[in-house]
Amino acid sequence: MDVEAIQQVFEQSQAGKLTFPEVVRRALAAGVESYFCDLTSGRETFYAADGGAHVEPMTVRRGPVAAEFSKEGIVAAIRGAQSDSIRYPEFVQQALAAGVTGYWAFLTGERVVYFGRKGEMHIEEFPAAK
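This section reports on the structure supplied with the text. (Residues numbered from 1 in each chain as written. Predicted model: local features only at pLDDT ≥ 70, side-chain atom pairs only at ≥ 80, totals over all residues. Heavy atoms only, no water.)

### Thoughts on the overall build of the protein
- In terms of regular secondary structure, the protein is built from four helices and six strands.
- For the protein, the C-alpha radius of gyration of 14 Å lies close to 14 Å, the compact-globule estimate for 130 residues.
- For the C-alpha atoms alone, the extent of the protein along its principal axes is close to 35 × 30 × 25 Å.
- Looking at the 130 residues of the protein, the share that counts as buried comes to 43%. (Helix = DSSP H or I, 4+ residues; strand = E, 2+ residues; numbered from the N terminus. Rg over C-alpha atoms; globule rule 2.2 N^0.38 Å. Buried < 20%, exposed > 50% of the residue type's maximum accessible area, 1.4 Å probe, protein only.)

What follows is the structure, encoded as structure tokens:
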């Protein structure tokens, strides 16, 4: 796993400079198989196929996680990111408002699982995978 490349992708994503497909492409090229974003603690952990892991502290502004999970809310945020009408900083705010505590992006599996405070979840397949 190319940690320097991961750090660059992470920083640019946090700054709202990359689209989600760009993040996926560059993370895969850096050897990332999946990553877990813990919105509650503000950390992202990147995982490689060889079992290696790398943790980065989030720099994007976060707020409290809404008490109730809103599937409609997270789907709206996902669609905004897919259409590039929002970038990562706005996505995080909308995810928190939708009650998302974290999500696991399975890049090689082409899906993301979003989690709520009470174990709720929404699974979103990458657009090309549908």
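### Remarks on the pattern of salt bridges
- Inspection of every chain in the model, using the stated rule, returns four salt bridges.
- Close ionic contact of Glu68 with Lys118 constitutes a salt bridge, the shortest N to O distance being 2.8 Å. Taken together, the residues span a long stretch of sequence, with Glu68 in the loop between strand E3 (53–57) and helix H3 (71–82) and Lys118 in the loop between strand E5 (111–116) and strand E6 (121–125) at a distance of 50 residues.
- Given a relative accessible area of 52%, Glu68 falls into the exposed group. (Salt bridge = Lys/Arg side-chain N within 4 Å of Asp/Glu carboxyl O.)

### Concerning helix H4 (residues 88–97)
- Among the residues making up H4, those that are buried are Tyr88, Phe91, Val92, Ala95 and Leu96. On an axial view of H4, the arc spanned by its buried residues comes to 130°, and they lie on one face.
- Structurally, H4 contributes buried residues whose contacts are with helix H1 (3–14), strand E1 (32–38), strand E2 (43–48), H3, strand E4 (100–106) and E5.
- Immediately beyond the C-terminal end of H4, within one or two residues, lies Gly99, with a positive phi of roughly 80°. (Arc of directions from axis to C-beta. Contact = heavy atoms within 4.5 Å.)

### Some words on the side chain of Thr45
- Positionally, Thr45 belongs in strand E2.
- Taking the relative accessible area as the measure of exposure, Thr45 reaches 15% and is therefore buried.
- Here Thr45 is in contact with Ser34, Tyr35, Phe36, Ala53, His54 and Val55, once residues within four sequence places are set aside.

### Things to note about unusual backbone geometry
- The phi torsion at Asp84 lies on the positive side, around 60°, for a residue other than glycine.
- Here Asp84 is to be found in the loop between H3 and H4.
- At Glu110, a residue that is not glycine, the phi angle is positive and equals roughly 55°.
- Mapped onto the elements, Glu110 comes out in the loop between E4 and E5.

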